[in-house]
Amino acid sequence: MIIDTLANGDQYIALHPGFKAAFDHLASIDLNALEVGKYEVDGVKYAVMAKDGATKEAAAEKFECHDKNIDIQVLISGVETMGWKARNDCKSLKGEYNAEKDVSFYSDAAEMYFTLNAGQFVIFYPNDVHAPMIGDGFIKKLVVKVKI
């Protein structure tokens, strides 16, 4: 997991071949003007979502990780708290892996929580189980899917 500000996105392009296109695209658009929905621009796939934040307990129902994608989650507005735990430390798989949606869910509790402010991002690798969208107010974010 990596946490930083979008202004420093270029520092991470060497970590994965898909990161350059993702961070270049993020730098070229007005995040605040984006409408909720799914997009694909020049091979960069992302979704924009906006809703009221959830409680830690509600977010724990979606304690998730991915096998085939890395998430770059960018907070556009609001304040978002996220739960995290290393996948190797998770013991309670909830259901089966959904290959179509590339997601597994766990019943484990998060080991730690952190908070993002507007303009910050987190990169979740497949070994990062995460519970997003925790907060008291309205949260608008963008999630880029980068194929492994």
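These numbers were taken from a predicted model, which means no experiment stands behind them. (Residues numbered from 1 in each chain as written. Predicted model: local features only at pLDDT ≥ 70, side-chain atom pairs only at ≥ 80, totals over all residues. Heavy atoms only, no water.)

1. A word on the nonpolar core
Reasoning step 1: Phe19, Phe23, Ile72, Phe121, Ile123, Leu142 and Val144 are the most contacted members of the largest nonpolar core, which has 20 residues in total.
Reasoning step 2: Only helix H1 (19-28), strand E3 (44-52), strand E5 (69-77), strand E10 (120-124) and strand E12 (138-147) provide two or more residues apiece to this core.
Reasoning step 3: Ignoring sequence-local partners within four residues, the contact set of valine 144 consists of Ala22, Leu26, Val44, Lys45, Tyr46, Ile70, Asp71 and Ile72.
Reasoning step 4: Counting 10 residues, the second-largest nonpolar core is a separate cluster that includes Leu75, Phe114, Val122 and Phe124. (Core = buried A, V, L, I, M, F, W, Y, C linked by side-chain atoms within 4.5 Å. Buried < 20%, exposed > 50% of the residue type's maximum accessible area, 1.4 Å probe, protein only. Helix = DSSP H or I, 4+ residues; strand = E, 2+ residues; numbered from the N terminus. Contact = heavy atoms within 4.5 Å.)

2. Some points on the layout of surface pockets
Reasoning step 1: The computed volume of the largest pocket comes to approximately 1,200 Å³.
Reasoning step 2: Forming the boundary of the largest pocket are 41 residues, of which Ala47, Met49, Glu64, Val143 and Lys145 lie nearest the centre.
Reasoning step 3: Sorting the residues of the lining of the largest pocket by element identifies H1, strand E2 (37-41), E3, helix H2 (56-60), E5, strand E8 (103-106), strand E11 (128-134) and E12 as the ones contributing at least two each.
Reasoning step 4: Take the lining of the largest pocket: its biggest share by element is 8 residues, from E3.
Reasoning step 5: Of the residues assigned to the lining of the largest pocket, the class counts are 19 nonpolar, 7 polar and 15 charged. (1 Å grid on protein atoms, 1.4 Å probe; cavity = no way out; pocket = protein on both sides within 12 Å on 5 of 7 lines; lining within 4 Å. Points joined across faces, edges and corners; volume = space filled by probe spheres on them. Nonpolar A, V, L, I, M, F, W, Y, C, P; charged D, E, K, R; others polar.)

3. Details of unusual backbone geometry
Reasoning step 1: Its identity as a non-glycine residue notwithstanding, aspartate 102 has a phi of 50°, on the positive side.
Reasoning step 2: Here aspartate 102 lies in the loop between strand E7 (93-98) and E8.
Reasoning step 3: The buried category is assigned to aspartate 102, whose relative accessible area is 5%.
Reasoning step 4: Its identity is not glycine, yet methionine 133 carries a phi of approximately 65°, on the positive side.
Reasoning step 5: Relative to the helices and strands, methionine 133 resides in strand E11.

Remember, this is a structural readout, not a statement about activity or role.
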